[in-house]
Amino acid sequence: MAQTDAANVADLSLQLEAQELKARGLWSDAFRRLVRNRLSMVGLFIFLLLFIAAIFGPYLAPYPYMLQNLDRIAEGPSVDYLLGTDDLGRDMLSRIMWGARTAGIVAIISTTFSLILGIVLGGIAAYLGSWADWLIGRAVDVTMSIPQLLFASLIAATFRKPVADWVDMMHERTGLEFFATPTYVDLIVVFGALSVIQWPGYARLIRGQILSLREKEFVEAARAIGVSQAKILMKHLIPNALGPLIVMVTFGFAGAIVAESGLSFLGVGVQPPQASWGAMINDNQLSWRYRPWLVAVPGLTIAIVSLGINFLGDGLNDALNPRQADS
């Protein structure tokens, strides 16, 4: 009898090892499929270019983004100003490069916050079920039923003053110059607003993935040999749910950039003089008929970056879900 139990345990261990080897093979195959997809490589190039510009753009920009040349107001593209100047004589190329930092910071931090919140709440809903699943499900339904940009605008407009008061209080108490920069108020408000509108999608996805995966044979095998629930969740369930989650996070980056631009365009996001692509469109929209490049340049930048990230997301989806891509 003891020999039979030992054989069963060994068999279950072999099943888990086979599942882990299969998972590693799937990731290698997915990478090869991604590299063969030309549009996804174009998207990856644009994605990397965005974050290189976010990190090094301010140092490579030909001029400071707030520098005004009152003798060269609203000029078209020239040798000195490759993308022209705006109505205040500021270099458009420099502001575009500085705006990439705003877009990159917002995309990374807001998506990370919403991802963590979604994974935690989605995991709780799937594992606990019952009242927790019902409560989190209703919160997801309510949040997703409200137009996202409208909801984010409401949150940003409502909490801007409380956040500004808190930052001023922290500056008075600590004396740190970090809290004396108004830009941080704008960024905190935008991070919070975008995290609130984005988390339901991640929560719904991770809940569905865990509910479908927890009945799989390799999870049953892990339970049978005494693996703890926490280890099953971290080692088997979440890693196997990463494929769809990575795809959704990629699209989330594009959504966060567009949403931040929308909030800044409406005047409730990043405020002037901080460079933001949406704010640049808002500042120059009255000049569209006479100096269209002032609106076209930031608008095309948003479109190209969003399109590139969507290309990358589509490529990741095809690479990680080959059966869906072939159907």
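As the structure is a computational prediction, the values presented were derived from the model and not from experiment. Each chain has its residues counted from 1, following the order in which its sequence is written. Given that the model is predicted, a residue must reach a pLDDT of at least 70 before its local features are reported, and side-chain atom pairs must reach 80 or more before they are shown or counted; all residues, however, enter totals for whole chains, interfaces and linings. Excluding hydrogens and water, the side-chain figures rest on all heavy atoms present in the structure.

Visitor: Talk me through the overall build of the protein chain; I want residue IDs and the actual numbers.
Guide: In terms of regular secondary structure, the protein chain is built from 12 helices and zero strands. Only DSSP runs of H or I with at least four residues qualify as helices, and only runs of E with at least two residues qualify as strands; both kinds are numbered from the N terminus onward. When the helices and strands of the protein chain are listed from N to C terminus, the series reads α-α-α-α-α-α-α-α-α-α-α-α. Partly exposed describes any residue whose relative accessible area lies between the buried limit of under 20% and the exposed limit of over 50%, with all areas from a 1.4 Å probe on protein chains only and scaled to the type maximum. Counting every position in the protein chain, which comprises 327 residues, the buried fraction comes to 42%. We call two residues contacting when some pair of their heavy atoms lies within 4.5 Å. Within the protein chain, residue pairs in contact and separated by at least 24 positions form 72% of the contacts whose partners lie at least 6 positions apart. In short, Shrake-Rupley with a 1.4 Å probe defines the accessible areas, and a residue's cover is counted only from the protein chains shown. When the accessible surface of the protein chain is summed, it comes to about 17,500 Å², and 67% of that surface belongs to carbon and sulfur atoms.

Visitor: Give a detailed account of helix α3 (residues 92–128), specifying residues and quantitative values.
Guide: Here α3 contains 37 residues, and its C-alpha end-to-end distance of 52 Å stays within 8% of the 54 Å for a straight helix at 1.5 Å per residue. Following α3 by one or two positions, G129 has its phi on the positive side, about 60°. Here the expected length of a helix is defined as 1.5 Å per residue gap, with one fewer gap than residues.

Visitor: Go over the side chain of S195 with me, naming the residues and quoting the values.
Guide: Relative to the assigned elements, S195 resides in helix α6 (residues 182–213). Residue S195 is classed as buried on the basis of its relative accessible area, which comes to 9%. We call two N or O atoms a polar contact when they sit within 3.5 Å, provided that within protein one can donate a hydrogen and the other can accept it, with sequence-adjacent residues counted only if both atoms are side-chain atoms. In terms of polar contacts, S195 uses its side chain to reach the backbone carbonyl oxygen of S110, at 3.4 Å. The contact partners of S195, leaving out residues within four places of it in the chain, are S110, F113 and S114.

Visitor: Give me the packing of α3 against helix α9 (residues 242–266): which residues, what numbers.
Guide: The geometry of a pair of packed helices is captured by two quantities: the angle between their axes and the separation between those axes. For the pair α3 and α9, interaxial distance at closest approach is 8 Å and the crossing angle is 130°. Comparing the axis directions of α3 and α9 gives the class oblique. Relative to α9, the crossing made by α3 is right-handed. Facing T102, A103, V106, A107, I108, S110, T111, L115 and I119 of α3, the residues of α9 in contact are L245, V249, G252, F253, A256, I257 and E260. Classification used: nonpolar for Ala, Val, Leu, Ile, Met, Phe, Trp, Tyr, Cys and Pro, charged for Asp, Glu, Lys and Arg, polar for all others including Gly. Considering only residue class, the contact of α3 with α9 consists of 11 nonpolar, four polar and one charged. The angle between two axes is taken between their N-to-C directions and runs from 0 to 180 degrees, where each axis is a line fitted to C-alpha atoms and a helix contributes only its stretch in contact. When describing relative orientation, an angle under 35 degrees is termed roughly parallel and one over 145 degrees roughly antiparallel, while 65 to 115 degrees is termed roughly perpendicular and anything else oblique. Put simply, a crossing is left-handed when the front helix is turned counterclockwise from the back one by less than a right angle, and right-handed when it is turned clockwise.

Visitor: Tell me what's going on with the environment of I96, and back it up with residues and numbers.
Guide: Looking at where I96 falls in the secondary structure, it is placed in helix α3. Here I96 falls in the buried class, since its relative accessible area comes to 10%. For the pair I96 and P58, spaced 38 residues apart in sequence, the C-alpha separation works out to 9.7 Å. Excluding residues within four positions of it along the chain, I96 makes contact with L83, W277, M280, V297, P298 and T301.

Visitor: Which residues make up the side chain of S287, and what values do they have?
Guide: By secondary structure assignment, the location of S287 is in the loop between α10 (277–284) and α11 (293–320). Each residue touching S287, except ones within four places of it in the same chain, is listed here: D87, P292 and L294.

Visitor: How would you sum up a nonpolar patch on the surface? Please name residues and give values.
Guide: Nonpolar side chains (Val, Leu, Ile, Met, Phe, Trp, Tyr) within 5 Å and like charges within 9 Å form the patches, drawn only from residues with over 30% relative accessible area and no salt bridge. What counts as a salt bridge is simple: a side-chain nitrogen of Lys or Arg found within 4 Å of a carboxyl oxygen of Asp or Glu. A grouping of L48, I52, I55, F56, Y59 and L60 is seen on the molecular surface, where their side chains present a nonpolar patch of about 680 Å² in accessible area. Inspection of the secondary structure puts I55 in helix α2 (residues 38–60).

Visitor: Residues and numbers for the environment of L150, please.
Guide: Residue position: L150 is located in helix α5 (residues 148–174). Residue classification places L150 among the exposed residues on the basis of a relative accessible area of 55%. Sequence separation between L150 and G262 is 112 residues, and the spatial gap between their C-alpha atoms is 10.0 Å.

Visitor: Tell me about the nonpolar core, and please be specific about residues and values.
Guide: Formed by 56 residues in total, the largest nonpolar core has its most connected members in L50, L194, I257, W277 and I309. Counting residues per element, the ones that place at least two in this core are α1 (2–36), α2, α3, α5, α6, α9, α10 and α11. Among the elements that line this core, the one with the most residues is α6, at 12 residues. What we call a nonpolar core is a set of buried Ala, Val, Leu, Ile, Met, Phe, Trp, Tyr and Cys residues that are connected through their side-chain atoms within 4.5 Å.

Visitor: Outline unusual backbone geometry, listing residues and values.
Guide: Unlike most non-glycine residues, A74 shows phi in positive territory, near 50°. Looking at the element boundaries, A74 is found in the loop between α2 and α3.

Visitor: Explain the packing of aromatic side chains to me, using residue names and the numbers behind them.
Guide: Note on aromatic pairs: each is described by the distance of the centres and the angle between the planes. Under the pairing criterion, centres of Phe, Tyr and Trp rings, with the six-membered ring standing for Trp, must be within 6.5 Å; the plane angle then separates stacked pairs below 30 degrees from edge-to-face pairs above 60, leaving the rest tilted. The full count for this structure, using the stated rule, is five aromatic pairs. With a centroid separation of 5.6 Å and an interplanar angle of 50°, the aromatic rings of F47 and F253 are classed as tilted. Note that F47 is positioned in helix α2 and F253 in helix α9, a separation of 206 residues in sequence. Grouped by ring-pair contacts, the aromatic residues F47, F51 and F253 constitute a single cluster.

Visitor: Can you explain the pattern of salt bridges? Please cite residues and give values.
Guide: Tallied over the full model, the rule gives seven salt bridges. D87 is the salt-bridge partner of R291, the closest N and O atoms lying 3.1 Å from each other. Placement of the pair is R291 in the loop between α10 and α11 and D87 in the loop between α2 and α3, with a sequence separation of 204 residues. The class of R291 is partly exposed, set by a relative accessible area of 24%. When its relative accessible area of 28% is taken as the criterion, D87 is described as partly exposed.

Visitor: Go over the environment of F253, please, and point to the residues and values.
Guide: Residue F253 is classed as buried on the basis of its relative accessible area of 15%. Sequence spacing of F253 and V305 is 52 residues, and the spatial spacing of their C-alpha atoms is 10.0 Å. Dropping the residues within four chain positions of it, F253 is found in contact with F47, A107, I108, T111 and I309.

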